[in-house]
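Listed below, chain by chain, are the residues.
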Amino acid sequence: MMSTSLSTRENKKWLYILGKNWTILFLLGEAIVFSWMGTGFFSIKNFQNILVASTTILLLAAGETFVIITGGIDLSVGFVMGLCCVISAKIMVTLQALGLSPVICIALGAGGTLLLGLLPGLVNGILVAKFRVPPFIATFGMYGIAYGVSEILCNSVPIAGLPALAGFIGNGYLLYYLPGRGFTWFSPPQGIARAEIRNLIPLFPNVFMLSLLAILIFAFILSRTVFGQHTYAVGGNIDAARRAGIPVDRHLIKVYMIASFFAAMGGVMYTLRFVTGRADAGAARMLDSIAAVVIGGASLYGGTGNIIGSLIGTLIIGVLETGMVNLGLPTHNKYVYVGVILILAVLIDQFFPEFVEKGGT
Amino acid sequence: MENNTPLLEVKDIVKRFGGLVAVNRVSMEVYPGEVVGLLGDNGAGKSTLIKVISGVYQPDEGEIYFEGKKVKINNPMDAIKLGIETLYQDLALAENLNVYSNIFLGRERVKSLLGIIPVLDHEYMMEESQKVLSRLGIEIPSLKNRIKNLSGGQRQSVAISRSVYWNAKLLILDEPTAALGVTEQKKVLDLVRTLSSQGVAVIIISHQLYDVFQVAHRLVVLRRGEKVGERLTKETNSDEIVGLMVGAELVGEKK
């Protein structure tokens, strides 16, 4: 008797683990299916393209993860990203016109934007924490404001004429490998023949690697530090957090600033990649980023979620998009599949309650 | 117990809400390690008095002494700093966090990673939590379980352990057994006895007279904001206490 009940329990544990980690299997399944069906899907080049294409959702989702864990939501990240894209392009173009070197233009444009990009989050956070405005409304207001301001800033025309170096960074790779010639850093080997370019293997796209660095730092903060612990506590029981002496209001403000920071980073990365400043740069990606966070295991009620989960959620969407383009399917299909996966994710979360340790008993 | 100084002494506390006198010149003492039952019908002023002691309300008149010194408790943090912890029925636990994270909530212990980066010290927090739970005779299968997976009694125990770990000298329990099954009620009452034996004073509010009689050394009865009686548990019975709670003359009439 004892052994049978134990073994069913162990079987169940296996099911629970599956329920908690289905997203990884799903992602692998997607990759296998598309590699099998499509041509040229299974290649280093294509996988890197998927990573680069997913960078925007990834950044927005990382910030959104913090907000959603606190039980809030940030609808403004897409247009804050657009605003920051316009601001960074504007700074670069303006400084260039003053005759500064491209490196300085880009450094100041990127750095200045990341700082300015904290402002929308500061406002969102103050509204939510101090004035008790529901996050949906506060950030929905910011959604409109950010979009309007960015269109005004660029006169509704995408900003062009940026330093060419921006595109070189935004579309470059950390490492290039040419068979027979070895590795070179940051740019292809000098003076290679046209015929050889086809053999060139670029590795580690700059935009993705920079974003990944920021995301991993914040994943560490969320999972290992007091700040992360308080983020979960605020989402789990805000009154308990207050009574435990956690400065909840200040914490919420910081969380919305993190979301805003990642949106700003998304804007800067867009500017570097497309060498233009567009108000609608991130508009289509806000809902994708929320979907990625929820697929990754977060609950909109707050208290759960993590950045690695959101990263996997993002890749599920990214692989789907690229895979369908690869198969020549119309991209509208993507919305149907993302919708289905999203609902599936929530259902799986509800049907697989977590495994409870019984310890000695 | 009467020969040392009281841990807590409230004198002639008055609390009004507009024209309503919720607490009218109530005085009481609690000695270290003593369990005092605070009894009274709905609206008798129990909760108001508790909230005055725990810093939620400020009294309109009266004085509070803690460990012999006159104190002013302006907010709940003041009370907690003195060593007065109040556990309401909602317990104030973060259900999404595990047991030891709740015990250390807001006061997390960190260690340094690579000599510079402060990270949560899970091992330390878990060991310390295990120590306090063992000291209080509380059994919880794994401290890594989240609160939402624990029973009502276990949650109660976690909340109490947290207070004790952070050196609560006086614990105020508001209806600690209300939402629990019979076995769990018994465990919580056992825990109250353990606390008392370890020198922690407890004020317990409960509608379940039977529970209070089991653990309290002394009973204080309020009625319509006034203290109508104070008895040593061993020198009274539930009939007398009910009589005090609803008004002795009513019971007398029925006789």
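Each chain has its residues counted from 1, running along the sequence as written. The naming scheme follows written order: chains are lettered A onward, ligands numbered 1 onward. Given that the model is predicted, a residue must reach a pLDDT of at least 70 before its local features are reported, and side-chain atom pairs must reach 80 or more before they are shown or counted; all residues, however, enter totals for whole chains, interfaces and linings.

Caption draft 1: Focus on the overall build of chain A. Helical segments are the DSSP runs of H or I of at least four residues, strand segments are the runs of E of at least two, and each set is numbered from the N terminus. Within chain A, the secondary structure is distributed over 15 helices and three strands. Only C-alpha atoms enter the radius of gyration; for comparison, a globular chain is expected to reach 2.2 Å times N to the power 0.38, where N is the number of residues. The C-alpha atoms of chain A give a radius of gyration of 22 Å, which matches the 21 Å a tight globule of 361 residues would have. Overall, chain A is about 75 × 55 × 35 Å in size when its C-alpha atoms are taken along their principal axes. Counting the 361 residues in chain A, one finds 44% classified as buried. Taking the intrachain contacts of chain A between residues at least 6 apart in sequence as the baseline, contacts between residues at least 24 apart amount to 77%. Any residue whose C-beta has 12 or fewer other C-beta atoms within 10 Å is treated as exposed, any with 20 or more as buried, and any in between as partly exposed, C-beta atoms being built from the backbone. Each residue is represented by a C-beta atom placed from its backbone, and any two residues with such atoms within 7 Å are regarded as in contact.

Caption draft 2: The arrangement of the overall build of chain B in detail. Helix and strand counts for chain B stand at nine helices and 12 strands. In terms of C-alpha radius of gyration, chain B reaches 19 Å, essentially the compact-globule figure of 18 Å for 255 residues. Oriented by its inertia axes, the alpha-carbon framework of chain B measures out at about 75 × 40 × 40 Å. Looking at chain B as a whole, 45% of its 255 residues are labelled buried. Contacts in chain B between residues at least 24 apart in sequence constitute 67% of all its contacts with a sequence separation of at least 6.

Caption draft 3: Quick look at the interface of chain A and chain B. Counting from both sides, the interface comprises 24 residues of chain A and, opposite them, 21 residues of chain B. Residue assignment for the side of chain A that touches chain B shows that the elements contributing at least two residues are helix 10 (226-236) and helix 11 (238-243) of chain A. Take the side of chain A that touches chain B: its biggest share by element is six residues, from helix 10 of chain A. For this classification, the nonpolar set comprises Ala, Val, Leu, Ile, Met, Phe, Trp, Tyr, Cys and Pro, the charged set comprises Asp, Glu, Lys and Arg, and every other residue, Gly included, is treated as polar. A breakdown of the residues in the side of chain A that touches chain B according to their chemical character gives eight nonpolar, 11 polar and five charged.

Caption draft 4: Quick look at the pairing of strand 8 (residues 117-120) of chain B. Residue and element names in this part refer to chain B. Judged from the four bridges that link them, strand 7 (residues 110-113) and strand 8 form a sheet pairing that is antiparallel. Note on strand 8: the bridge partner recorded for L113 is I117. Where strand 7 hands over to strand 8, the hairpin turn is made up of three residues, of which L114 adopts a positive phi near 55°. Here, strands pair whenever DSSP counts at least two bridges between them.

Caption draft 5: Quick peek at the sheet that holds strand 2 (residues 20-30) of chain B. All names here are of chain B. Taking strand neighbours across the sheet as the criterion, the four strands line up as 2-1-4-5 in an open arrangement whose pairing is antiparallel. The open sheet is flanked by strand 2 and strand 5 (69-71), the only strands paired with a single partner. Recorded for the sheet is a direction-independent mean angle of 30° between the axes of neighbouring strands. As a rule, the C-alpha atoms of each element are fitted with a line to give its axis, helices using only the stretch in contact, and angles between N-to-C directions run from 0 to 180 degrees.

Caption draft 6: Geometry of the sheet that holds strand 6 (residues 84-87) of chain B. All names here are of chain B. Read across the open sheet, the six strands follow the order 6-9-10-3-11-12; overall the sheet is mixed. Edge positions in the open sheet fall to strand 6 and strand 12 (226-232), since each of these has one partner strand only. Averaged over all pairs of adjacent strands, the angle between strand axes in this sheet comes to 20°, irrespective of strand direction. Here four bridges tie strand 6 to strand 9 (residues 170-174), and the two strands are oriented parallel to one another. The residue bridging I84 from the neighbouring strand is L170, located in strand 9. Relative to the sheet, helix 5 (residues 152-165) contacts strand 6 and strand 9, its axis offset from that of strand 6 by approximately 170°. Those strands touched by helix 6 (residues 182-197) are strand 3 (35-39), strand 9 and strand 10 (201-205), and its axis lies near 150° from that of strand 10.

Caption draft 7: Expanded view of the environment of A:V133. Residue and element names in this part refer to chain A. Along the chain, the position of V133 falls in the loop between helix 5 (118-129) and helix 6 (135-153). In the structure, V133 is positioned 45 residues away from L178 in sequence and 56 Å away in space, judged by C-alpha atoms. The contact partners of V133, leaving out residues within four places of it in the chain, are L127, V128 and A138.

Caption draft 8: How the structure looks around the packing of helix 5 of chain A against helix 6 of chain A. Residue and element names in this part refer to chain A. Across the interface, helix 5 lies against helix 6 with an axial gap of 9 Å and an inter-helix angle of 150°. It follows that helix 5 is roughly antiparallel to helix 6 by the angle criterion. Of the two elements, helix 5 crosses helix 6, and the hand of that crossing is right-handed. Side by side, helix 5 and helix 6 meet where P120, V123, N124, L127 and V128 of the first sit next to P135, A138, T139, M142 and A146 of the second. Tallied by class, residues from the contact of helix 5 with helix 6 come to eight nonpolar, two polar and no charged. Here is the rule for angles: anything less than 35 degrees is roughly parallel, anything more than 145 is roughly antiparallel, 65 through 115 is roughly perpendicular, and the remaining ranges are oblique. The hand of a helix crossing depends on one turn: near helix anticlockwise from the far one by less than a right angle means left-handed, and clockwise means right-handed.

Caption draft 9: Local environment of the packing of helix 2 (residues 44-69) of chain A against helix 3 (residues 77-97) of chain A. Residue and element names in this part refer to chain A. Remark: helix 2 packs on helix 3, axes separated minimally by 11 Å, with the N-to-C direction vectors making an angle of 130°. On the basis of the axis angle, helix 2 is oblique to helix 3. For the pair helix 2 and helix 3, the sense of crossing is right-handed. Only V77, G78 and M81 of helix 3 make contact with helix 2, whose side of the interface consists of L60, G63 and E64. Residue composition of the contact of helix 2 with helix 3, grouped by class: three nonpolar, two polar and one charged.

Caption draft 10: The arrangement of unusual backbone geometry in detail. Notably, A:N155 is not glycine yet its phi reads approximately 50°, a positive angle. Looking at the element boundaries, A:N155 is found in the loop between helix 6 and helix 7 (164-170).

Caption draft 11: Representation of helix 12 (residues 248-274) of chain A in the model. Residue and element names in this part refer to chain A. To estimate the expected span of a helix, subtract one from its residue number and multiply by 1.5 Å. Taking 1.5 Å of rise per residue, 27 residues should cover 39 Å, and helix 12 covers 39 Å from first to last C-alpha, within 8% of that figure. Burial analysis of helix 12 places 21 of its 27 residues in the buried class, which makes it a mostly covered element. Directly beyond the C-terminal end of helix 12, a positive phi value near 50° is found at V275.

Caption draft 12: Representation of the environment of A:V77 within the structure. Residue and element names in this part refer to chain A. For V77, the location among the structural elements is in helix 3. A residue is classified by how many C-beta atoms lie within 10 Å of it, and V77, with 33 of them, is buried. Note: C-alpha distance between V77 and G38 (39 residues apart in sequence) is 33 Å. Ignoring any residue separated from it by four or fewer positions in sequence, one finds V77 in contact with L60, G63, E64, A259, A263, G282, M286 and S289.

Caption draft 13: Summary view of the nonpolar core. Counting 167 residues, the largest nonpolar core has A:V80, B:L170, B:L171, B:V202 and B:I204 as its most contacted members. Considering each element in turn, this core owes the most residues, 16 residues, to helix 12 of chain A. The nonpolar core criterion groups buried Ala, Val, Leu, Ile, Met, Phe, Trp, Tyr and Cys residues into a set whenever they are joined through C-beta atoms within 7 Å.

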